[in-house]
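Examination of the molecular architecture
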Amino acid sequence: MDGNVKEQIEQLRRVLNEHNYNYYVLNSPTISDKEFDVMLRKLQDLEAAHPEFYDPYSPTQRVGSDITQGFKQVVHERPMLSLGNSYSIEEVEDFLRRAQNGLGGEKSEIVGELKFDGTSISLTYEHGRLVRAVTRGDGTQGDDVTNNIVTIRSIPLQLNPGNWPDKFEVRGEVLLPWANFEQLNRERQFNEEPLFANPRNAAAGTLKLQKSSEVARRGLDAVFYFLLGESLPYPDHYRNMKAVGEWGLKVSPQMTVLHSIDEVHRFITYWDVERKKLPVATDGLVFKINDLAQQQELGFTAKSPRWAIAYKFAPERECTKLQSVSWEVGRTGVITPVANLSPVLLSGTIVKRASLHNADIIESLDIHTGDMLYVEKGGEIIPKIVGVNNKMRQSDAVPVKFVTHCPACGTPLVRIEGEAAWVCPNKYHCPPQIAGRIEHFVGRHMMDIDGIGEEMAKDLYDYGLVENIADLYDLRVEDLLMIDRLGIKSAERIVNGIKKSLEVPYEKVVFALSIPNVGETTAKILARASGSIDNLMAMKAEDLASINEVGPIIADSIIEYFADELNQEIIRRLKDAGVQFESKVSQSSNLSNKLDGKKIVISGVFAKHSRDEYKMLIEHNGGKNVGSISKNTDFVLAGENMGPAKLEKANALGIKIINEDEFLAMISD
Ligand code: IVH
């Protein structure tokens, strides 16, 4: 029977690996996503029922885990150097001339490639299997991010049959494609998390996440451009990279062998334009001497190879007309001036608006009405106004003046001392500030109300259904049907989501209220220190300011918030609706539910706490300490000298073993 199961598992793994390759590397799936999911689920079930067949290379391992991981530092066998930069065709010509001189006048083939704008990664394969993935780090040593890298579906855990060396290293770039980057930033904007400036930062940040399931969700990709090792299959870079492609890794299809400076020229002119149509970010091109013997002869400087050079694209800049300036009011009342521009194509997207940030910037750029403005989009995704074409200024142009009154509610604006921003002080009665607070309240890190996103929050306000956050709890399905695009299913989902938000713990509720200057961390501290909203509302400024990390400014805004009658009324109504206004933490001895229901075995000797303390920590975080390892064990918390029998059993059943640092990180905030 087990023999059959084993075969079935292996067959499923083989087939799923093949479909992963078709989908993620070749971009040509042969089955539907649903068919894939059905097979994957079947494999997951079989593996769960038969932990003896656990294999870290199984396609099921690519969905990531929730375990917090520290990164091990790994020294690179060969340092990871960077490339010399050039910014013009003349500089590329100089490079080629230097290379030819270095080779005693010998001619050479050049390979032209795209320079992908992500974060570099080094993979090591042994006997056709991925054994390690390490970031560039400082070039000498980097972080072992293998657990995160295996979630990238286009990276094979097992290579296709081929002429690969027994051991080799392949380097490339981890990328977040534009579409996934934009989606991620949309989510982050909604959840009020800081946005990533460009896909490079997003890819690097994602690769360093502690939770590989979140890495898997974000949709990274990777392209490879450098093969290293002894006994490589071919004597030139180009054919080696083509071989890497056949082994199952993604290599750039744009890689081209060039034979003359004219061809280099044409390659640059072509990609300067065409790269804008690619689904991933690029910041230039790379030219490499193709022949490995010639590469070796040229060698390296301390920082970069003499056989390769990067050519950087100039940031794109356009000149366009300022049609008008609009003044936006944010949730916190800050007024942001936005330039409305004549539409212009920049780095593949049409730009119609660009932030002018604040009054100081308008003044320093000396912007006048109807000016022709220079807009740039470099590595940053958000277009930036970098200057004014003074020569084209119209004779009747007047300087753009910052508004003096709130464009939404008419209240005179105030400027906080020492800050560039002008603010509408009418916090609790200014419409966009109220709508912004509704949007904030329903967000993922706050009340996490299913079915209400940014648009829906606006609609609820615009249709007059929700004028403040307390109104949400009076909503009925039939009220929601007023909104044109909303069907009964979505309306029910929203009402259920609102009901479910009554379970959201007090500390998140404090954050959800949008008390000025109270962010996620401060909200948590306030919730723990107060234990209940009644206590929090009764606190005096000096009580608040004496709480660690709460300064006088925060204390004052809390006092001001609770002194407002409308806010008092909102709190009263939220309380009646059943929103959690008391801390559960202070009532029970549980510190968290982070180990909810997890069965954990303790083994070995520990440095930071005693075994009994660890037992207590497990229980106080909702877990269960069990004596012996079985297939139901969730993980083993192991110190030094873990018993060999336990170790063997844990390995046989594929049960995770974590050390005390990892465990402490898991239960910490
Ligand atoms: S070759 C020894 N090829 O650019 C140098 N690098 O500025 C090997 N990059 O660290 C690098 N696309 O992260 C090479 N086609 C390409 C590349 C590329 C992007 C990155 C890489 C490198 C950085 C240097």
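Since the model is a prediction, treat every value here as computed from it, not as a measurement.

Each helix and strand counted, the protein chain has 24 helices and 22 strands in total. Along the three orthogonal principal directions, the C-alpha set of the protein chain runs to about 85 × 80 × 50 Å. Taken over 669 residues, the protein chain has a buried fraction of 46%. Entry remark: accessible area of the protein chain is about 33,200 Å², with carbon and sulfur atoms responsible for 50%. Positive and negative charge centroids in the protein chain, built from 77 and 95 side chains respectively, lie 2 Å apart.

With that settled, the discussion passes to a negative patch on the surface. Where like charges cluster on the molecular surface, the negative patch consists of Glu106, Glu109, Asp291 and Glu297. Note on placement: Glu106 falls in the loop between helix 3 (89-102) and strand 3 (110-116).

Moving on, we get to the sheet that holds strand 8 (residues 221-228). Across the sheet, which stays open at both edges, the four strands sit in the order 5-4-7-8 with antiparallel pairing between neighbours. The open sheet has two edge strands, strand 5 (129-135) and strand 8, and neither has a second partner. In this sheet, adjacent strand axes meet at a mean angle of 30 degrees when their direction is disregarded. Relative to strand 5, strand 4 (residues 119-126) runs antiparallel, the two sharing six bridges. Paired with Glu126 across the two strands is Arg129, which belongs to strand 5.

Before going further, it helps to spend a moment on the site of the ligand. Taken together, 13 residues sit near the ligand, with Glu113, Leu114, Glu173, Tyr225 and Lys288 positioned nearest. A distance of 3.0 Å separates an oxygen atom of the ligand from a polar side-chain atom of Tyr225. Compared with its free state, where it exposes 530 Å², the ligand has 91% of that area covered by protein. At the level of elements, strand 3, strand 8 and strand 10 (282-289) are the ones that each hand at least two residues to the shell around the ligand. Ranked by residues supplied to the shell around the ligand, first place goes to strand 3 with four residues. Of the residues contributing to the shell around the ligand, the split by class is eight nonpolar, one polar and four charged.

What follows concerns the sheet that holds strand 15 (residues 372-377). Here five strands make up an open sheet; going across it, the order is 14-13-12-15-16 and the pairing antiparallel. With partners counted over all chains shown, the strands left at the sheet margins are strand 14 (349-355) and strand 16 (384-388), one partner each. Each strand of the sheet is rotated relative to its neighbour by a mean of 45 degrees, with strand direction disregarded. Two strands pair when backbone bridges link them, and strand 12 (residues 316-329) and strand 13 (residues 335-346) are joined in this way by seven bridges, in the antiparallel orientation. Residue pairing for strand 13: Ser324 is matched across the bridge by Asn340.

Below, the discussion takes up the packing of helix 3 against helix 9 (residues 261-274). In contact at an axis separation of 11 Å, helix 3 and helix 9 are set at 145 degrees when each is read in the N-to-C sense. As helix 3 runs across helix 9, the sense of the crossing is right-handed. Packed against helix 3, whose contacting residues are Ile89, Val92, Glu93 and Leu96, the element helix 9 presents Ile261, Val264, His265 and Ile268 at the interface. Per-class residue counts for the contact of helix 3 with helix 9 are six nonpolar, one polar and one charged.

It is a general feature of regular strands that their side chains alternate between the two faces of the sheet. Relative to strand 15, strand 12 runs antiparallel, the two being bridged by six bridges. Of the residues in strand 15, the one forming a bridge with Thr320 is Leu373. Between the antiparallel neighbours strand 12 and strand 13 lie five residues, among them Gly333 with a positive phi of about 90 degrees.

Looking now at the packing of helix 12 (residues 431-442) against helix 13 (residues 454-462). Running from N to C, helix 12 and helix 13 cross one another at 135 degrees; their axes reach a closest spacing of 9 Å. Between helix 12 and helix 13, the interaxial angle falls into the category oblique. Classified by chirality, the crossing of helix 13 by helix 12 is right-handed. Contacts from Pro431, Ile434, Ala435, Ile438 and Glu439 in helix 12 reach Glu454, Ala457, Lys458 and Tyr461 in helix 13. Classifying every residue of the contact of helix 12 with helix 13 by side-chain character gives six nonpolar, no polar and three charged.

Detailed reading of the predicted coordinates is not advisable wherever pLDDT falls low. On average, residues of the protein chain carry a pLDDT of 89, and 96% of them reach 70 or more. Every residue in residues 585-589 scores below 50 in pLDDT, and together they form five contacts with partners more than four places removed in sequence or on other chains.

Let's shift gears to the environment of Ser88. You can see Ser88 is positioned in the loop between strand 2 (84-86) and helix 3. Overall, the relative accessible area of 21% leaves Ser88 in the partly exposed class. Ser88 sits 180 residues away from Ile268 along the chain, and the two C-alpha atoms are 9.6 Å apart.

Attention shifts here to the pairing of strand 15. In the sheet, strand 15 pairs with strand 16 via four bridges, with the strands oriented antiparallel. Paired with Leu373 across the strands is Val388, a residue of strand 16.

Calculation rules
- Residues numbered from 1 in each chain as written.
- Predicted model: local features only at pLDDT ≥ 70, side-chain atom pairs only at ≥ 80, totals over all residues.
- Heavy atoms only, no water.
- Helix = DSSP H or I, 4+ residues; strand = E, 2+ residues; numbered from the N terminus.
- Buried < 20%, exposed > 50% of the residue type's maximum accessible area, 1.4 Å probe, protein only.
- Areas by Shrake-Rupley, 256 points an atom, 1.4 Å probe, with all protein chains shown as cover.
- Lys, Arg positive; Asp, Glu negative; His and termini not counted.
- Charge placed at Lys NZ, Arg CZ, Asp CG, Glu CD.
- Patch = residues over 30% accessible without salt bridge, like charges linked within 9 Å, V, L, I, M, F, W, Y side chains within 5 Å.
- Salt bridge = Lys/Arg side-chain N within 4 Å of Asp/Glu carboxyl O.
- Pairing = 2+ DSSP bridges.
- Axes fitted to C-alpha atoms, helices over the stretch in contact; angles between N-to-C directions.
- Near = heavy atom within 4 Å.
- Polar contact = N/O pair within 3.5 Å; in protein donor to acceptor, adjacent residues only side chain to side chain.
- Nonpolar A, V, L, I, M, F, W, Y, C, P; charged D, E, K, R; others polar.
- Left-handed = near helix turned anticlockwise from the far one by under 90°.
- Contact = heavy atoms within 4.5 Å.
- Parallel < 35°, antiparallel > 145°, perpendicular 65-115°, else oblique.
- pLDDT = per-residue confidence, 0-100.

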